[in-house]
Amino acid sequence: MSDSLSIIPPVREYLATRIPEGSPLEDQTKLVSSGMIDSMGLVDLTTFLEVEFSIMIPEESFTVDNFDTLTAIEALVTQLRSAK
Amino acid sequence: MNFQDPILAGFHAHCDRDPDQPAIEIIGEGGSSIYHNRRELRALIRDTAARFQSQGITPGDKVLIKLSHGDALLRTLLGCFELGAIPCLLPWRFAHAGSPGDLKRLDLQATSIEAEWLITTPAIKESWLSIERNWRVELRTFAEATAKNHDTVADFKPAQGEATAYLQFTSGTTGAGRTAELSAQAIQHCLHRDATKLDLGTKDRVLNWLPLYHDLGLFAGLLLPLLSGARIIWMSPVRFLRRPAEFLDTIDRKSITVTFATNAALHQLAGLPETDTRPDLSSLKRFICGGEPIRHESLRRFEDLFKTQQFDPASWVIGYGMAETVVGVIATDPRTGQTPRTDWVESHALKTNNQAVACEPDKATAIPIVTCGQPWHRDELKIIDENGTDLAERVVGEVCLRGPFLFSGYYRQPEETAKVMRDGWLYTGDLGYLADGHLYICGRRKDLIIVGGTNIHPEEIEAAAQTVSGLSPGRLVAFGAPNDQTGTEGIIVVMEIARQETLSIPSLEAAVRQRITEQVGLAPQRILSMPRGWIIKTSSGKLSRHKCRTKYLNHE
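To keep things clear, this report deals only with the structure shown in the data block. (Residues numbered from 1 in each chain as written. Chains lettered and ligands numbered in written order. Predicted model: local features only at pLDDT ≥ 70, side-chain atom pairs only at ≥ 80, totals over all residues. Heavy atoms only, no water.)

Before going further, it helps to spend a moment on the interface of chain A and chain B. The interface is formed by 22 residues belonging to chain A together with 17 residues belonging to chain B. With both chains or domains summed, chain A and chain B bury close to 1700 Å², and 59% of this area falls on carbon and sulfur atoms. On the chain A side of the interface with chain B, the three residues burying the most area are V43, E59 and F62 of chain A, jointly 29% of the side's total. In this structure, the connection of chain A to chain B is made through two salt bridges. As a salt-bridge pair, R242 of chain B and E50 of chain A come within 2.4 Å of each other at their nearest N and O atoms. Along the contact surface separating chain A from chain B lie six residue pairs in polar contact (both at pLDDT 80 or more). Of the residues forming the side of chain A that touches chain B, the biggest block, seven residues, is contributed by helix α2 (residues 39–53) of chain A. Here the residues of the side of chain A that touches chain B are counted per class, giving eleven nonpolar, seven polar and four charged. (Contact = heavy atoms within 4.5 Å. Buried area = accessible area lost by both parts, 1.4 Å probe. Salt bridge = Lys/Arg side-chain N within 4 Å of Asp/Glu carboxyl O. Polar contact = N/O pair within 3.5 Å; in protein donor to acceptor, adjacent residues only side chain to side chain. Helix = DSSP H or I, 4+ residues; strand = E, 2+ residues; numbered from the N terminus. Nonpolar A, V, L, I, M, F, W, Y, C, P; charged D, E, K, R; others polar.)

Right, dumping it as structure tokens:
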């Protein structure tokens, strides 16, 4: 199973109920810079990612770029998994 | 004690007396810590100040600091105080630091205080150099600012007396906001007052997680324990938000005696699963809450959850203050050994007649208001009506404050200063009443929105939203509304939509959401599209945000 199949779907499912109703949720949809996810939403998302993928997200990774799209989140999770 | 001394004088005195005592523990990423005893911290402060001086920073220079939690931030801030440069800490908003909107705001802020220096991270420096800027500022990363240049004779002139020691950014109606000038003696007055009131001493261990750009985090969480000789355990705001259970655990493991919370943070702690709430909290003597209105339900929920962990409700300290008063100026007195009072009042009389009529808590229309305590010694407080007349107890009016704790004015904005300062009194724009001499805050005359301790003026949000094409001017309003899920306020934006809008409603709402997030750094909680005529205006055609807010809350 490729990473995109294993990472993006559960994140999409998690986010679906936490973004404004009717918002698009494509792989390239801007999540943070668009305001769809606020700061607390982002904190919750990092906790979800840590538990779901058994990773530790360091504080210096908290940039908009790392969380702004599903694709970016996938890349971050993949990188943190392989760094373990 | 001498209010004319420089801000770090108290720390130096403790250092002379007992240099080997621990001064600060900085909890870093991954939970590892850096420790400095007083001697080491003093050496670091003086070394940093000397290096800044060798780079050309001189006493009186205004230094913008854009750094996140850690050793570099601590050294830059305290090094500036020691040298006599005037530091000004910029907000570091989680995940938005260094975004285009954030940098644009930074440029506006640098312009408004005519900053000579900016000390920041390599990443922000790089982005800053790539954008179009209005203000020319000497830019250094922390490593560059502390590079050994050439040996100079240390010639420090820390601010004293009326001289400005710190610049505190506060919200305003424009993107640049306003900057409160705080004199060394106003800061000293507040630090000495709070050290006495909180009975703080060398045996105390203070756990600070609040951001230093917030007054409570800087003055009460850092400078106050330095002055008192208490030990500081400093964790990052992000670490608190992500791992609130670890915060409680730290209180237990390190026998913390003093710590802080906003109402949103209390709400977050009280929402933890039972398994995360077992630490022993018996060491805690002072739990200082402020930054936004503290709710009765949040205090009681926390007490209920932690009563088996030896949490003592008499340790609550509820404070009220703003950038213009350095830090919380009215506060409950924990030395009484009493839990801060809650006043139960009739909601109807409060809303319609400005009367705080006491009633039984079990009455259906009763609402609870938590006290903020009383003024200290000769600090003055009065409640006035719209004509400036003093009001009797239990009548709601504007809260006014006077005393040595006040700011010197907004930097180079005398007309803004004159709007809030008259005859030595600060007109806060907050609504409250007195009962038995205790202050109760119950609303705002101004339209300010407070999200988890961050103040935002709705004008700034509306201006950002109106840059989206397709929105007619004056057809959009922003206000704050209580959010029971977070325990703080959320930003609500209502837009009036005409039939011929060029964009579809969902794309318009998404564009507005994005623009506000970019320019203000906070995402709105809700954006609503309503038909023409929804927004209420005054007879002179100005937005009546207060009435719009009431209409929204009543689901009209």
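The strands that make up a sheet are held in pairs by hydrogen bonds between backbone atoms, and each pair lies either parallel or antiparallel. All names here are of chain B. One open sheet accounts for three strands, arranged β25-β26-β27; its pairing is mixed. Strands at the two margins of the open sheet, each flanked by one partner only, are β25 (476–483) and β27 (526–531). For this sheet, the mean angle separating the axes of adjacent strands, direction not counted, is 30 degrees. Sheet topology places strand β26 (residues 488–497) next to β27; six bridges connect them, and they run parallel. Within the sheet, the bridge partner assigned to M495 lies in β27 and is S529. (Pairing = 2+ DSSP bridges. Axes fitted to C-alpha atoms, helices over the stretch in contact; angles between N-to-C directions.)

Residue and element names in this part refer to chain B. Strand order in the open sheet formed by eight strands is β2-β1-β10-β9-β11-β12-β13-β14, and the pairing between neighbours is mixed. Both outer strands of the open sheet, β2 (33–37) and β14 (328–331), are each paired with one neighbouring strand and no more. Direction aside, neighbouring strands of the sheet carry axes that sit 25 degrees apart on average. Pairing of strand β1 (residues 22–27) with strand β10 (residues 231–234) involves three bridges; the strand directions are parallel. The residue of β10 that forms the bridge with I26 is W234. Here helix α2 (residues 38–54) sits on the sheet in contact with β1 and β2, set at roughly 95 degrees to β2. Each of β12 (286–289) and β13 (316–321) is contacted by helix α12 (residues 296–306), which is oriented at about 160 degrees to β13, the strand it contacts most.

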